[in-house]
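Coordinate analysis (summary)
Listed below, chain by chain, are the residues.
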Amino acid sequence: MVFNTGAALLDAIVLAVVSKEAGGTYGYKITQDVRQAIDISESTLYPVLRRLQKDGCLEVYDMEFGGRNRRYYKITESGRAQLELYRNEWRRYSTKISYIFAGE
Amino acid sequence: MKKEEFLRELEALLGDISQGEREEAIQYYRDYFDDAGPEKEADIIEELGSPIRVARIIKAGLGDNDGEFSEQGYRDWRFSQEQALERRTGEAQGARQGQAQEGKWQAPQSNGWKIACLILLCILLLPIIFPVGISLLAVVLAIPAVILALGLAIAAGSLAILISGVATIVTGFINLFFVPAVGMALVGVGFLLLALGVLLMLATIGCCWKVIPWMIRGIVQVLSYPIRKRREAGQA
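A short tour of the structure in this document, coming up. (Residues numbered from 1 in each chain as written. Chains lettered and ligands numbered in written order. Predicted model: local features only at pLDDT ≥ 70, side-chain atom pairs only at ≥ 80, totals over all residues.)

1. A word on the pairing of strand 2 (residues 68-75) of chain A
Residues and elements named next belong to chain A.
- Pairing analysis gives eight bridges linking strand 1 (residues 58-65) to strand 2, with the strands arranged antiparallel. Pairing of Met-63 across the sheet is with Arg-70, part of strand 2.
- Between strand 1 and strand 2, which follow one another and run antiparallel, lie two residues, and Gly-66 among them has a positive phi close to 55°. (Pairing = 2+ DSSP bridges. Helix = DSSP H or I, 4+ residues; strand = E, 2+ residues; numbered from the N terminus.)

This is how it looks when you write it as structure tokens:
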């Protein structure tokens, strides 16, 4: 990737990915989903998820899966509000950048 | 290295953070391995690098752990990373902790240093640069002067041939009345000279027509080269 993904954008992508799963999703799947958009290493996401959890944007719960407890991440109400804020910001930002790129 | 070994080492390396954080992180990576499946175990371990690296990234994510991640220590960690991605996370972390500002005001300072060094170098090299530059300029200006002089010489030569041609024809005409054979020969030679002169003159004019604008363009291009280069660099 030529363009850097800053902390806010990474937060927004993670929140968006988690919000798509109504019942919650887990670390490995989040990493794979985020990787569809940006190239991140497997060790990048844990600190991001942990921080979003501490900030109250994500909540975690453990559920039994295949004979073990799997940790699930789910978006909270304040996470949704944060994501909406990011979405609006992104719309404004990307529209302006696209306009500059397209304009002669 | 196997998954269990990796997790055990990671757990040991996280010994200095709170138990809650440690369990949280270990649970995450254990889940990660389990969900990826045993066939991907080796790939994941390779991509994660060493447990030391993963432990550093986990600790860097804990903003409250400033004992180990003092500014200096943190920066060392950030710059020792080979992968740009980790650096990115590091930068984001740094910005959150208000450390990025330091990097920001360092940049112009080093730039100023560079400019100062460049100026000093120019001053020291002035005794060399100045004469070399002047001689280069002289050479550049001398080339068109030589070409111009050559052109003028040819023009003058052709003019001389023209005049001598006319003179020979006149002499030939006069001689025609006394010694017709000599007179005719002289008139013939005179016309030949006249033709040669006209040809040379035309060639010279033609050359000047083409060469002079070309030369002026060349000089302008050479002199404006530094300005053009700077403008191009500015656009790039």
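2. Considering the environment of Ala-195 of chain B
All names here are of chain B.
- Tracing the sequence through the fold places Ala-195 in helix 8 (residues 180-235).
- A tally of 13 C-beta atoms within 10 Å means that Ala-195 is categorised as partly exposed.
- Spatially, the C-alpha atoms of Ala-195 and Leu-162 are 7.9 Å apart, while their sequence positions differ by 33 residues. (Buried ≥ 20, exposed ≤ 12 C-beta atoms within 10 Å, placed from the backbone.)

3. Points about the interface of chain B and chain A
- Contacts between chain B and chain A engage 25 residues on the former and 19 residues on the latter.
- Sorting the residues of the side of chain B that touches chain A by element identifies helix 2 (19-36), helix 3 (41-48), helix 4 (51-61) and helix 6 (84-96) of chain B as the ones contributing at least two each.
- Of the residues forming the side of chain B that touches chain A, the biggest block, nine residues, is contributed by helix 2 of chain B.
- Looking at the side of chain B that touches chain A residue by residue, the classes come out as 13 nonpolar, four polar and eight charged. (Contact = placed C-beta atoms within 7 Å. Nonpolar A, V, L, I, M, F, W, Y, C, P; charged D, E, K, R; others polar.)

4. A word on the packing of helix 1 (residues 3-13) of chain B against helix 2 of chain B
Residue and element names in this part refer to chain B.
- Between helix 1 and helix 2, the least distance of the axes is 10 Å, while the angle of their chain directions is 165°. Viewed along their axes, helix 1 and helix 2 adopt a mutual orientation that is roughly antiparallel. Between helix 1 and helix 2 lies a crossing of right-handed hand. Across from Lys-3, Leu-7, Leu-10 and Glu-11 in helix 1, the residues of helix 2 making contact are Arg-22, Ile-26, Tyr-29, Arg-30 and Phe-33.
- Grouping the constituent residues of the contact of helix 1 with helix 2 by class yields five nonpolar, no polar and four charged. (Axes fitted to C-alpha atoms, helices over the stretch in contact; angles between N-to-C directions. Parallel < 35°, antiparallel > 145°, perpendicular 65-115°, else oblique. Left-handed = near helix turned anticlockwise from the far one by under 90°.)

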